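# Fold and contact review
As a plain string of letters, each chain reads:
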Amino acid sequence: MKNLKEDFFDIAFEKMEDIDAFDMKDVKLTEYKKETSKASENLNQFIEKRIHPNTKKRLMELLRKRDETFSDYHVRENQLYYKNGVSTGIRIMIETLPMKK
């Protein structure tokens, strides 16, 4: 039964992503995105100028792998936040429903 519950939230999360339900407009988030982009650009420029060509390829592979791992981590973290948020919301509704009588 636990797997069905886990699958349900993962599927629901994926469907919400498909319809861009998580495309939230937030000033701080936009600022962080710009800062991240600028930091990546600066890192790439530094690597191009300062890293020996024999080392550059391996370094870029390591950075790509790190970025993929961060991305996977953040996706899973967001799935868990979604699951816990929905579960908490349902629990609150169920627990406060008897109070309306």
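Everything that follows concerns the structure shown earlier in this document.
First, a word on what this report is: a plain description of the structure on this page. Computed from a predicted model, the values in this text were never measured in an experiment. (Residues numbered from 1 in each chain as written. Predicted model: local features only at pLDDT ≥ 70, side-chain atom pairs only at ≥ 80, totals over all residues. Heavy atoms only, no water.)

Right, let's get into the overall build of the protein chain. Of regular secondary structure, the protein chain possesses three helices and zero strands. Reading the protein chain from its N end, one meets helices and strands in the order α-α-α. If one aligns the C-alpha atoms of the protein chain with their principal axes, the spans along those axes are about 70 × 35 × 20 Å. Relative to its full complement of 101 residues, the protein chain shows a buried share of 11%. Accessible area of the protein chain: about 9200 Å², with a carbon and sulfur share of 59%. (Helix = DSSP H or I, 4+ residues; strand = E, 2+ residues; numbered from the N terminus. Buried < 20%, exposed > 50% of the residue type's maximum accessible area, 1.4 Å probe, protein only. Areas by Shrake-Rupley, 256 points an atom, 1.4 Å probe, with all protein chains shown as cover.)

Turning our eyes to something else, we now look at the packing of aromatic side chains. For the coordinates displayed, the defined rule picks out four aromatic pairs. A centroid spacing of 5.2 Å and a plane angle of 75° characterise the contact between Phe 8 and Phe 9, whose relative ring orientation is edge-to-face. The interplanar angle of 80° and the centroid separation of 5.6 Å between the aromatic rings of Phe 22 and Tyr 82 together place this pair among those described as edge-to-face. Of the two residues, Phe 22 is situated in the loop between helix 1 (2-18) and helix 2 (27-50) and Tyr 82 in helix 3 (residues 53-96); the sequence distance between them amounts to 60 residues. Connected via pairs of aromatic rings, a cluster forms that spans Phe 13, Phe 22 and Tyr 82. (Phe/Tyr/Trp six-rings, centres within 6.5 Å; stacked < 30°, edge-to-face > 60°.)

Okay, a negative patch on the surface next. Taken together, Glu 14, Glu 17, Asp 18 and Asp 20 make up a surface patch of like negative charges. With respect to the helices and strands, Asp 18 occurs in helix 1. (Patch = residues over 30% accessible without salt bridge, like charges linked within 9 Å, V, L, I, M, F, W, Y side chains within 5 Å. Salt bridge = Lys/Arg side-chain N within 4 Å of Asp/Glu carboxyl O. Lys, Arg positive; Asp, Glu negative; His and termini not counted. Charge placed at Lys NZ, Arg CZ, Asp CG, Glu CD.)

Quick look at unusual backbone geometry now. In this structure, Asp 20 is a non-glycine residue whose phi angle is positive, near 60°. Within the secondary structure, Asp 20 sits in the loop between helix 1 and helix 2. Exposure remark for Asp 20: the relative accessible area of 54% places this residue in the exposed category.

In this section: the pattern of salt bridges. If you walk through the whole model with that rule in mind, you get seven salt bridges. Between Glu 48 and Lys 56 there is a salt bridge, with its nearest N and O atoms 3.5 Å apart. When its relative accessible area of 54% is taken as the criterion, Glu 48 is described as exposed. For Lys 56, a relative accessible area of 18% gives the class buried. Asp 67 is the partner of Arg 66 in a salt bridge, and the nearest nitrogen-oxygen pair spans 2.9 Å. By relative accessible area, Asp 67 is classed as partly exposed at 40%.

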